[in-house]
Amino acid sequence: MDGRVPTRLLCGCIVTGLFAVAPLPRCEATSPEKPVTSNKGMVVSVSEPASRAGAAMLRRGGNAVDAAVTTAFSLAVTYPPAGNIGGGGFMMVLPKPGMQPVCVEYRETAPAAATPTMFSLTDSRLSPKMVGVPGTVRGLELAHATFGKLSWSTLLQPAIRLADQGFSVDASLARSLNKVLKDDKSLPFKEMRRVYAPPSGKAWQAGDRLVQPDLAGTLRRIAQQGADGFYRGPVAARIVREMQEGNGLISNADLDTYHANLRTPIHGTFHRYDVYGPPPPSSGGIVLIEMLNMVERFGLRKKGRWSPETIHLMIESMRRAYLDRARYLGDQDFVAIPKRLTTKDYAASLASKIDTQKATRSLVLAPEIPIADEGTSTTHFSVIDKQGMAVANTFTLEQSYGARVMVRGAGFLLNNEMGDFNWRPGHTDKKGRIGTEPNTIAPRKRMLSSQTPVLVLKDGKPCLITGSPGGRTIINTVFCVVLNVLEFNMPLPEAIAAPRLHHQWLPDQVRFAGFKLDRYQDLVQQLRSMGHRFNPKAGRQGDAHSIYVDAKTGIRTGVADTRISGKAVAAD
Ligand code: DON
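Below you will find a few notes about this structure.

Cut-offs and rules
Residues numbered from 1 in each chain as written. Predicted model: local features only at pLDDT ≥ 70, side-chain atom pairs only at ≥ 80, totals over all residues. Heavy atoms only, no water. Helix = DSSP H or I, 4+ residues; strand = E, 2+ residues; numbered from the N terminus. Buried < 20%, exposed > 50% of the residue type's maximum accessible area, 1.4 Å probe, protein only. Areas by Shrake-Rupley, 256 points an atom, 1.4 Å probe, with all protein chains shown as cover. Lys, Arg positive; Asp, Glu negative; His and termini not counted. Charge placed at Lys NZ, Arg CZ, Asp CG, Glu CD. Polar contact = N/O pair within 3.5 Å; in protein donor to acceptor, adjacent residues only side chain to side chain. Near = heavy atom within 4 Å. Nonpolar A, V, L, I, M, F, W, Y, C, P; charged D, E, K, R; others polar. Axes fitted to C-alpha atoms, helices over the stretch in contact; angles between N-to-C directions. Parallel < 35°, antiparallel > 145°, perpendicular 65-115°, else oblique. Left-handed = near helix turned anticlockwise from the far one by under 90°. Contact = heavy atoms within 4.5 Å. Disulfide = S-S within 2.5 Å. Pairing = 2+ DSSP bridges.

The secondary structure content of the protein amounts to 19 helices and 22 strands. When the backbone C-alpha atoms are referred to their principal axes, the protein occupies close to 65 × 55 × 50 Å. Within the protein, the fraction of its 572 residues that count as buried is 63%. For the protein, the exposed area adds up to about 20200 Å²; of that, 50% sits on carbon and sulfur atoms. Side chains of the protein carry 71 positive and 50 negative charges; the gap between the two charge centres is 3 Å.

In structure tokens, the structure reads:
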């Protein structure tokens, strides 16, 4: 099989395709966690205690949405860089096999007082002004009200316990906390420093306990009063106080009127699979389907997963779909989004203009966009239950620890999601800042996201549940994982561990995450000779906690991506 990455890559063997023999890159893929299999349900997330809490709800008779709500609230406790109640996200739900998936959209909104030109390019992202009206608590409430079985209060108990009694911090979280506390020594984020102070007074070590009594109090209020316990009353007042004492704009009315939405997902087909992703205000669904539609035409499997030709065609598809993201995408309640973007005909016309031998320069593709001279924290988890209800949920504070504004006395961080709007209308530059019209700021508008929680179905049944953090790289991480499984038949652990690829139109450069470029000079040289430019600092890309379901046996395989941390926990 072309897709079996690690063994093939480690053998250093040969790629097929138009190109002469290219030495295959030695894969610096992560070694995946041992997959977990079950014929019941499971939860796969970045945090073991959160996965355990979700799986426990399945064992109590809860469904996948119940487990997802518990996992999300638990992540708000056990994974503070991105798990949140002060941010927002997207939850894709397959209510049961044979039904249509639904997207619970709980993206943050701009405050009513926001204006298109409220930011200058030099504004700090770490300030109350960057905070969007949080969506998570209303979103989880809407998911529960629509699909849940167990009581709301039951679903919050594990998170309350984890906050009250504390949990053992793992090595990855200890590193992350030490980093953010060090970063912010000079900044006025006293409350965050107080809440995350290491027990030793020095630095966090794996095994230390993080106890969060203020957060437990807020969660208790939410358990008793529903989302109103967050958006109204004392918690809302505390959020507004942070705004008023900083330079933030969120008012009581912004919080009071915030609502989450049930939206129709973006749907596409890839070979004989149905792929569902989130609609705008996420760009994820449209961009993913556009890329899949393009590469479907090229028969990549025959060319080999790691051939220069496959990689070239993936990059060229990314380039074109990300340009459309900049051209057309924004909050669908404010902007008319062309329907053609996800059609096969449109992909055919784009694909027909791809030169199979040569990179297209990004700027050449968009002469109408004036070009001016001139982050990791989101988290994704996947859930399935015994009946085949499936959930893919991605949520975020935008950057790690968001705006780093900790709501005093309430124990949670606020997002800095306003940075996902196009900051300066008209200012698009080669570094990748986008200033196009559809995603400029307007009161109560939702900023464009790249979050791409995805459900892939085969004959109406769940087949692959995936998603990732990584800002604009998210869609490409999901693209790589989906192609690895559906086009190259890789087993899920290999599909997750494999190196990843990113191109986002601008900057006009490729990131190869998991390949050390200097070691794979022949492959890189062939791509360079086709005109591709590389960013030598690719780093880590994504964190795709995923589930695969075998169509014949129904056996679920959960794989935690180990690029950060994570655990698949079965409900057996
Ligand atoms: O919604 C978005 O697209 C971004 N706010 C996501 C940010 C992100 O993934 C950062 N971390 N890895």
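Quick look at the environment of M530 now. Note on placement: M530 falls in the loop between α19 (521-529) and β20 (546-549). Considered as a pair, M530 and G554 are 24 residues apart in the sequence and their alpha carbons are 44 Å apart.

Before going further, it helps to examine the environment of K182. Here K182 shows up in helix α6 (residues 171-183). Distance from K182 to L255, taken between C-alpha atoms, is 32 Å for residues 73 residues apart in sequence.

Before going further, it helps to examine the side chain of D324. Along the chain, the position of D324 falls in helix α14 (residues 308-328). Here D324 falls in the buried class, since its relative accessible area comes to 2%. Here Y346 takes part through its side chain, which lies 2.5 Å from a polar atom of the side chain of D324.

Another aspect to go through is the site of the ligand. Neighbouring the ligand are 16 residues; S377, T378, E398, E417 and D420 lie closest to it. One of the side-chain nitrogen or oxygen atoms of E398 is found 2.6 Å away from a nitrogen atom of the ligand. The separation between a nitrogen atom of the ligand and a polar side-chain atom of D420 is 2.6 Å. Calculation on the ligand without its partners gives an accessible area of 340 Å², and the protein chains cover 98% of this total. Partitioned by chemical class, the residues of the shell around the ligand number 2 nonpolar, 10 polar and 4 charged.

To continue, consider unusual backbone geometry. Residue P281 is reached from P280 by a cis peptide bond, and omega for that bond is 20 degrees. Topologically, P281 is positioned in the loop between β9 (273-277) and α12 (284-296). Cis geometry marks the peptide bond from L506 to P507, where omega comes out at 0 degrees. Within the secondary structure, P507 sits in the loop between β18 (500-502) and β19 (511-513). At H271, a position not held by glycine, the phi torsion is positive, near 50 degrees. Position of H271 relative to the elements: it lies in the loop between β8 (266-270) and β9. Positive phi, normally seen in glycine, also occurs at R404, with a value near 65 degrees. Here R404 shows up in the loop between β12 (390-396) and β13 (405-406).

This next bit is on the packing of helix α3 (residues 64-78) against helix α4 (residues 136-147). Two numbers describe a pair of packed helices, the interaxial angle and the distance between the axes. Relative to each other, α3 and α4 sit at 160 degrees, their axes nearing to 9 Å. Comparing their axes, α4 and α3 come out roughly antiparallel. The hand of the α3/α4 crossing is left-handed. Listed contacts from α4 to V65, D66, V69, A72 and F73 of α3 are L140, A143, H144 and F147. Considering only residue class, the contact of α3 with α4 consists of 7 nonpolar, 1 polar and 1 charged.

What follows deals with the environment of G54. Looking at the element boundaries, G54 is found in helix α2 (residues 48-59). Taking the C-alpha atoms as reference points, G54 and A67, separated by 13 residues in sequence, lie 4.3 Å from one another. Setting aside residues no more than four positions away along its own chain, G54 makes contact with V43, A67, T70 and T71.

In this structure, N476 sits in helix α17 (residues 473-486). With residues up to four places along the chain from it excluded, the contact list for N476 reads M291, M318, Y322, L501, H502, H503 and Q541.

Let us now look at the state of the cysteines. In total, this model carries 0 disulfides according to the counting rule given. Of all cysteine sulfurs in the structure, the one in C480 sits closest to C463, which takes part in no disulfide; the separation is 17 Å.

Turning our attention to the packing of α2 against α3. Between α2 and α3, the shortest axis-to-axis distance is 8 Å and the interhelical angle comes to 155 degrees. With respect to α3, the axis of α2 lies roughly antiparallel. Crossing handedness for the pair α2 and α3: right-handed. On α3, the residues touching P49, A50, A53, G54, M57 and L58 of α2 are A64, A67, T70, T71, S74, L75 and T78.

As summarised here, the arrangement of the 7 strands in space is β7-β4-β3-β12-β11-β2-β22, forming an open sheet in which the pairing is antiparallel. Looking along the sheet, the strands with just one partner apiece sit at the ends: β7 (261-263) and β22 (567-570). Between one strand and the next, the sheet's axes are offset by a mean angle of 15 degrees, whatever the strand orientation. Examined bridge by bridge, strand β2 (residues 42-45) and strand β11 (residues 378-384) share 3 bridges and lie antiparallel to one another. Counted as the bridge partner of V44 is S382 from β11.

Pairing within the open sheet is antiparallel, and its 7 strands lie in the order β1-β21-β20-β17-β16-β9-β8. Two strands close off the open sheet at either side, each with one partner strand: β1 (36-38) and β8. For this sheet the average axis-to-axis angle between neighbouring strands, irrespective of direction, equals 25 degrees. Bridge count between strand β16 (residues 454-458) and strand β17 (residues 461-466): 5 bridges; the pairing is antiparallel.

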